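Given next are the chains, with one letter for each unit.
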Amino acid sequence: TRPRTPPGGTLTIHPAFAELFARCGLTTAQAFLDLPGEIVSGHPDRHVVRVELPGMARAFYLKRQHVVGWREKLRNHRAGFGWISRCEREGLLLQQLNDGAFAAPRWVAFGTFDGRAFLLIEEVPDAVELRQWLSDNHPSQNHRSTVAENIGRALAAIHSAGITTPDLSAKHILVNRE
């Protein structure tokens, strides 16, 4: 039998943010899915919104999936992640990266409600997607090589730790001064 989603959906909150979210009334997956913000990217089945919360100096990015279908859950299950949405899979991956002290955005919350899913991550200051960095900055060949070597070392360390992802692409690699 298929696992069933509880009536209120699923919600996982990073312990460092639990008290803040309780004060803001963010105690259900639906409350996170309803957060207002500016859409910064989108696809037919999902989009990313930049949100700001009271009492926080830093912004967040909220990835919303409009429909979580059984095919997606089946793909994730077959890949060893469980019967979960893409947002939950990405949230669990970020948990692993954060627990392993790898350079990655800090996951803040993720969950599902009524056939939809979300992932909230903390903004990385001054970071841009690798593909944007490459096109906007026109880095020298030497600088490109340095960044490529840093990415290679990071990926090797992540792989050595047994962490894998089915959708690593340039848009999922952030570049900043650090």
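Rules of the game
- Residues numbered from 1 in each chain as written.
- Predicted model: local features only at pLDDT ≥ 70, side-chain atom pairs only at ≥ 80, totals over all residues.
- Heavy atoms only, no water.
- pLDDT = per-residue confidence, 0-100.
- Contact = heavy atoms within 4.5 Å.
- Salt bridge = Lys/Arg side-chain N within 4 Å of Asp/Glu carboxyl O.
- Helix = DSSP H or I, 4+ residues; strand = E, 2+ residues; numbered from the N terminus.
- Buried < 20%, exposed > 50% of the residue type's maximum accessible area, 1.4 Å probe, protein only.
- Pairing = 2+ DSSP bridges.
- Axes fitted to C-alpha atoms, helices over the stretch in contact; angles between N-to-C directions.

The next thing to look at is the confidence of the model for the protein. Per-residue confidence for the protein averages 86 on the pLDDT scale, and 96% of its residues sit at or above 70. Below a pLDDT of 50 lies the segment residues 1-5, which in the model reaches six contacts outside its immediate sequence neighbourhood of four places, other chains included.

A full pass over the atoms with the stated rule returns seven salt bridges. The partner of Arg-23 in a salt bridge is Glu-19, with the nearest N and O atoms 3.1 Å apart. On the criterion of helical spacing, the pair formed by Arg-23 and Glu-19 is a turn pair, its members being four residues apart in helix α1 (residues 18-24). A residue is classified by how much of its surface remains accessible, and Arg-23, at 60% relative accessible area, is exposed. Take Glu-19: its relative accessible area is 60%, and that puts it in the exposed class. Residues Glu-122 and Arg-58 are paired through a salt bridge, measuring 3.7 Å at the closest nitrogen-oxygen approach. Placement of the pair is Glu-122 in strand β6 (residues 116-122) and Arg-58 in the loop between β3 (46-51) and β4 (60-65), with a sequence separation of 64 residues.

On the basis of which strands lie adjacent, the open sheet formed by six strands has the order β1-β5-β6-β4-β3-β2 and antiparallel pairing. The open sheet terminates on both sides in strands that have one partner only, identified here as β1 (10-13) and β2 (38-43). Averaged over all pairs of adjacent strands, the angle between strand axes in this sheet comes to 15 degrees, irrespective of strand direction. Bridging between β1 and strand β5 (residues 107-113) involves four bridges; their strand directions are antiparallel. Bridge pairing in β5 links Ile-13 to Ala-109. Together, β1, β3, β4, β5 and β6 form the strand contacts of helix α4 (residues 86-99), whose direction differs from that of β5 by roughly 155 degrees.

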